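Residue-level structural notes
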Amino acid sequence: MRFTYAESMCDPRQYAPLAIAAEEAGYHSFTVPDSIAYPETSDSEYPYTPDGDREFLDGKPFIEPFSLIPALGAVTRRLRFTTFVVKLPIRHPVLVAKQAASVAVLTGDRFGFGVGLSPWPDDFRITGTEWKSRGRRMDEMIDIIRGLTRPPKNAAADAPYLAGDYFAYRGEHYDVPSIRLCPVPRKPIPILIGGHADAALRRAARVGDGWMHAGGGQAADLGAALARLAELRQEYGREREPFEIHVISLDGFTPDGVRRLEDQGVTDAIVGFRNAYAADDQTLDHKLTALRRFAEQVIARVGG
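What comes next is a walk through the structure. Predicted model only: the values in this text are computed from it and were never measured. (Residues numbered from 1 in each chain as written. Predicted model: local features only at pLDDT ≥ 70, side-chain atom pairs only at ≥ 80, totals over all residues. Heavy atoms only, no water.)

Scanning the protein chain for helices and strands turns up nine helices and eleven strands. At 19 Å, the protein chain has a C-alpha radius of gyration in line with the 19 Å of a compact globule built from 304 residues. The C-alpha extent of the protein chain, read off along each of the three principal axes, is 50 × 50 × 40 Å. For the protein chain, buried positions account for 48% of its 304 residues. Partitioning the intrachain contacts of the protein chain with sequence separation of at least 6 by distance along the chain shows that 71% fall at a separation of at least 24. Per element, the accessible surface of the protein chain, about 14,700 Å² overall, is 51% carbon and sulfur. In the protein chain, which carries 37 positive and 41 negative side-chain charges, the distance between the mean positions of the two groups comes to 5 Å. (Helix = DSSP H or I, 4+ residues; strand = E, 2+ residues; numbered from the N terminus. Rg over C-alpha atoms; globule rule 2.2 N^0.38 Å. Buried < 20%, exposed > 50% of the residue type's maximum accessible area, 1.4 Å probe, protein only. Contact = heavy atoms within 4.5 Å. Areas by Shrake-Rupley, 256 points an atom, 1.4 Å probe, with all protein chains shown as cover. Lys, Arg positive; Asp, Glu negative; His and termini not counted. Charge placed at Lys NZ, Arg CZ, Asp CG, Glu CD.)

Next up, the structure:
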């Protein structure tokens, strides 16, 4: 089991010392969420709170992930960074490919690209993107991002940087002429699909390098999602391919629980130590103590 430290909507000055401490304590990864803006008026509901309320997001600081991750990568050496998750269809795929490639290069391939749809029509209105076609566009975007960020076929091992191969795409929603990006990472960027709907699980099984669970619900809900995911991976003939499964679960906080998650095929446990839906009143020292205590009591005992 690998462990991912989750902290967000906090004083931005806390990110760097928390990332350094997480790496030193033995965490494998650090999640970075995505939020563009908060609307003054909206009737949209949040899917991961019991009553659909999302007022807890109003006035909370979100640093844009393609900006934050390189900054944290510069003060760490081993820690991986995973977006949790970037709202892909409200962006343009070529620009996202450039951003993702740049982040992967600057961090030395310590980047897992978690992507999702966005549950709110507001995000699409404010970015001038279409809501109804979001799923089909996301499928095309994944193809374009992979094509543009893929390492070149014939690259010298000692090259200081790599230029990608030329890539063109013509789909229902995007038409990209033959172009290439420079630089591109030395390894393919893992694309991790977020979402609990059957369409999201199907997309993860069909084209994803992994799946990201957003938490909420009961343990049985996670078990059902994992079983469905396994079923779909077999349906698409991908059950033997490498596949990451990132989850938020109470089982991730005890050694016995971690072993239960491992038995279910989970590869990465996402852990945080405060209620993200409440105001952040914890000091940096408090957060550092919590992440180190967990590392001593759980990570060290299960060999994460």
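Picking up where we left off.
What follows concerns empty space enclosed by the protein. Enumeration over the complete set of coordinates arrives at one cavity of 30 Å³ or more. In this structure, the largest cavity spans a volume of roughly 30 Å³. For the lining of the largest cavity, the class distribution of residues is six nonpolar, no polar and no charged. (1 Å grid on protein atoms, 1.4 Å probe; cavity = no way out; pocket = protein on both sides within 12 Å on 5 of 7 lines; lining within 4 Å. Points joined across faces, edges and corners; volume = space filled by probe spheres on them. Nonpolar A, V, L, I, M, F, W, Y, C, P; charged D, E, K, R; others polar.)

Attention now goes to the nonpolar core. Phe3, Tyr27, Phe30, Leu88, Phe111, Phe113 and Trp211 are the most contacted members of the largest nonpolar core, which has 71 residues in total. In terms of residue count, the dominant contributor to this core is helix H9 (residues 284-302) (seven residues). Counting residues in each nonpolar core, the second largest holds five residues, with Met9, Phe56, Leu57 and Trp120 among its members. (Core = buried A, V, L, I, M, F, W, Y, C linked by side-chain atoms within 4.5 Å.)

Turning our eyes to something else, we now look at the pattern of salt bridges. Under the definition given, this model contains 24 salt bridges. As a salt-bridge pair, arginine 206 and aspartate 139 come within 3.4 Å of each other at their nearest N and O atoms. One end of the pair, arginine 206, is in helix H6 (residues 198-207); the other, aspartate 139, is in helix H5 (residues 134-149), and 67 residues separate them in sequence. As a salt-bridge pair, lysine 287 and aspartate 280 come within 2.7 Å of each other at their nearest N and O atoms. Within this structure, Arg2, Arg80, Glu244 and Asp268 form a network of salt bridges that share partners. (Salt bridge = Lys/Arg side-chain N within 4 Å of Asp/Glu carboxyl O.)

Let us look at helix H3 (residues 93-106). End to end, H3 covers 20 Å across 14 residues, agreeing with the expected 20 Å (1.5 Å per residue, within 8%). Among all positions in H3, only Pro93, Val94, Val96, Ala97, Ala100, Ala101, Val103 and Ala104 are buried. Looking at the buried residues of H3, the elements they touch are helix H2 (65-73), strand S5 (111-116), H5 and strand S7 (175-179). Looking at the residues trailing H3, positive phi occurs at glycine 108, about 65°. (Expected span 1.5 Å × (residues − 1).)

A word on the packing of aromatic side chains. All told, the structure shown has 14 aromatic pairs when counted by the stated rule. Centroid distance phenylalanine 253 to phenylalanine 294: 5.9 Å. Interplanar angle 70°. Geometry classified as edge-to-face. Here phenylalanine 294 lies in helix H9 and phenylalanine 253 lies in the loop between strand S10 (244-247) and helix H8 (255-263), a separation of 41 residues in the sequence. The buried category is assigned to phenylalanine 294, whose relative accessible area is 5%. Plain terms: the ring middles of phenylalanine 273 and phenylalanine 294 are 5.4 Å apart, the flat faces sit at 50° to each other, and that makes the pair tilted. Residue phenylalanine 273 is located in the loop between strand S11 (268-271) and H9, and its partner phenylalanine 294 is located in helix H9; the two are separated by 21 residues in the primary sequence. A connected cluster of aromatic rings, assembled from ring pairs, spans Phe3, Tyr5, Tyr15, Tyr27, Phe30, Phe81, Phe253, Phe273 and Phe294. One residue, arginine 134, lies across the ring of tryptophan 131, its end atom 3.6 Å from the ring centre. (Phe/Tyr/Trp six-rings, centres within 6.5 Å; stacked < 30°, edge-to-face > 60°. Lys NZ or Arg CZ within 6 Å of the ring centre and 35° of its normal.)

On to unusual backbone geometry, then. Of note, the bond from phenylalanine 84 into valine 85 is cis; its omega dihedral lies within 30 degrees of zero at -15°. With respect to the helices and strands, valine 85 occurs in the loop between strand S3 (80-83) and strand S4 (86-87). The residue methionine 9 is not glycine, and still its phi comes out positive at about 50°. With respect to the secondary-structure elements, methionine 9 resides in the loop between strand S1 (2-6) and helix H1 (15-25).

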